[in-house]
Amino acid sequence: MKSESAAENTVELSADDARRIQLRAQGLLGADGRRGGVPAMLARLGAVQLDTISVLARSHELVPYARLGAVGRDRIEGSYWGMRGGHATTFEYWCHAACVLPVQDWPYYEFRRRAFREREYRWHKVPEKAPSEVLAQLTAEGPLTATQLGGARGGGEWWDWSETKIAVEWLLDIGEVVCVQRTGWRRVYDLAERALPAGLTGQTPDDATCVAHLAGVAGRALGVATRADLVEFLRLRRGQATVLDGLLASGATGLVPVRVGGWRPGATLVPAWADPEALATPVRGRHRTTLLSPFDSLIWDRKRTSRVFGFDHRLEAYVPKGKRVHGYFTMPLLAGGELIGRVDPARENGTLVARRVSFEPRAVRTPARAEVALAALRTALREAAGWVGCDDVRIEIVDPPALAEPTRRALLRTQGTG
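So, here's what we can say about the structure. (Residues numbered from 1 in each chain as written. Predicted model: local features only at pLDDT ≥ 70, side-chain atom pairs only at ≥ 80, totals over all residues. Heavy atoms only, no water.)

### Describing the side chain of Glu169
Counting through the fold element by element, Glu169 comes out in helix α8 (residues 163-174). Here the side chain of Glu169 touches Tyr189 through a polar contact of 2.4 Å, side chain to side chain. In contact with Glu169, other than residues within four places in its own chain, are Arg122, Trp161, Arg187 and Tyr189. (Helix = DSSP H or I, 4+ residues; strand = E, 2+ residues; numbered from the N terminus. Polar contact = N/O pair within 3.5 Å; in protein donor to acceptor, adjacent residues only side chain to side chain. Contact = heavy atoms within 4.5 Å.)

### What to know about the pattern of salt bridges
Under the defined criterion, the tally for this structure stands at 24 salt bridges. Here Glu169 ties to Arg187 by a salt bridge, and the two come within 2.6 Å at their closest N and O atoms. Here Glu169 is found in helix α8, whereas its partner Arg187 is found in strand β10 (residues 186-191), with 18 residues between them in sequence. Like Glu169, the residue Arg187 is buried in the burial classification. For Glu360, the salt bridge goes to Arg342, with nearest N and O atoms at 2.8 Å. On the criterion of sequence distance, the pair formed by Glu360 in the loop between β17 (351-359) and α15 (367-387) and Arg342 in strand β16 (residues 338-348) is long-range, its members being 18 residues apart. As far as the burial class goes, Glu360 and Arg342 line up, both buried. (Salt bridge = Lys/Arg side-chain N within 4 Å of Asp/Glu carboxyl O. Buried < 20%, exposed > 50% of the residue type's maximum accessible area, 1.4 Å probe, protein only.)

### Considering the packing of aromatic side chains
For the structure shown, the criterion picks out six aromatic pairs. On the numbers, 4.4 Å between centres and 15° between planes, the contact of Tyr65 with Trp387 is stacked. Highlighted residues: Tyr65 in helix α3 (residues 59-68) and Trp387 in helix α15, separated in sequence by 322 residues. Look at Tyr65 and you get buried, because its relative accessible area is 2%. Each ring, one from Phe91 and one from Trp106, has its centre 5.2 Å from the other, and the planes form 75°; the classification is edge-to-face. Linking Phe91 in strand β6 (residues 90-94) with Trp106 in the loop between β7 (98-102) and α5 (110-119), this pair joins segments that are 15 residues apart in sequence. For Trp106, a relative accessible area of 3% translates into the label buried. Linked through ring pairs, Phe91, Tyr93, Trp106 and Tyr109 together constitute an aromatic cluster. Directly above the ring of Trp185 sits Arg58, whose terminal nitrogen or CZ lies 4.4 Å from the centroid. (Phe/Tyr/Trp six-rings, centres within 6.5 Å; stacked < 30°, edge-to-face > 60°. Lys NZ or Arg CZ within 6 Å of the ring centre and 35° of its normal.)

### Side note on the environment of Ala25
Mapped onto the fold, Ala25 is located in helix α1 (residues 15-25). Residue Ala25 is classed as buried on the basis of its relative accessible area of 16%. Through-space distance from the C-alpha of Ala25 to that of Gly86 is 31 Å; in sequence the pair is 61 residues apart. Not counting residues within four places of it along the chain, the set of residues in contact with Ala25 comprises Leu45, Arg220, Ala221, Leu222 and Gly223.

### Focus on unusual backbone geometry
For residues other than glycine, phi is negative in most cases, and the peptide bonds are mostly trans. Residue Pro400 is reached from Asp399 by a cis peptide bond, and omega for that bond is 10°. Relative to the helices and strands, Pro400 resides in the loop between β18 (392-399) and α16 (404-412). Notably, Trp185 is not glycine yet its phi reads approximately 70°, a positive angle. Considering the arrangement of structural elements, one finds Trp185 in the loop between β9 (177-183) and β10.

Read these as geometric descriptors, not functional statements.
Here it is, written out as structure tokens:
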């Protein structure tokens, strides 16, 4: 990487520089990303997305697995929903989507809570008396699930929430209650002032302060990011994105301007912003070889994933089965700092089944590259199988078909060795 003229004082990065910086920032390149366990990982990433789908495991479990290896799932859950000094160390709220977030960032989501309060509406009309009744029950009885509060369903389809569920979710949106734990995948709600460390709930920073802080969090998690990347990480609305523009120009986010070559067809250098600490230290270390959750923050921004990795990623869980190309819960295969393929996994008794393995054409265009890709797939599948308690691996469909037998032979070379 090099600097432009002193007048601009802007760092120039190649697309490869930016990709490697992002991998390190995401904890997937170098030893630093594996230090400190799950709590340190969450602090680095700034947000871990939650999702209901569970194939090998739920997405929030797959994220630390991808970075730390076969960490115990009880340890993962204990780290996400841990308590210190009787107060929460994390909370659940809306960032890129529903995410587990470090508790110290609670004050800076006030901009979003304030927007909900001003809108006075969520997906449902908020019943007039229900919020006060929910608050009274939580005050008297302590942390409760929606079922314990009186029921989550209204009797119809899944989106037909009861008045109690509507009320408690509204209270979560505006910050009067908080979710700091899940049990059986159900949110456990508590009063924010009781669950959070003292002093956090009394802070009400203005929108600019909130967006500046969180843009810094996003920029450090991404390493190098365009304005659009930061907006997507935080899911900022138009007015909030306009606030971000001024903050980036003034330097209030703590990020510094860079230009990245090759990120957009027809553009030599693309304006972006970077974490100055990421620029100050050479990127070195070993790459992780692993399967990634479709909701992993390395790839949750589809446009960014295409730009940085040349990889078009799409979750097909909600696509009709007959129209799926790669599979229900396709997990990208990361190896050597590149996304080289996809695996659609399943479990049958004690066997991890790769229903479909799809290699990127560039990853297998020569026999030598194909051999490297097959070795990476073998490593990723065997490690994943061991983590979820499977003692065997089976591969069904391989794309391209010419690699079907070499893929199975490569896997057999380690069968029974763990």
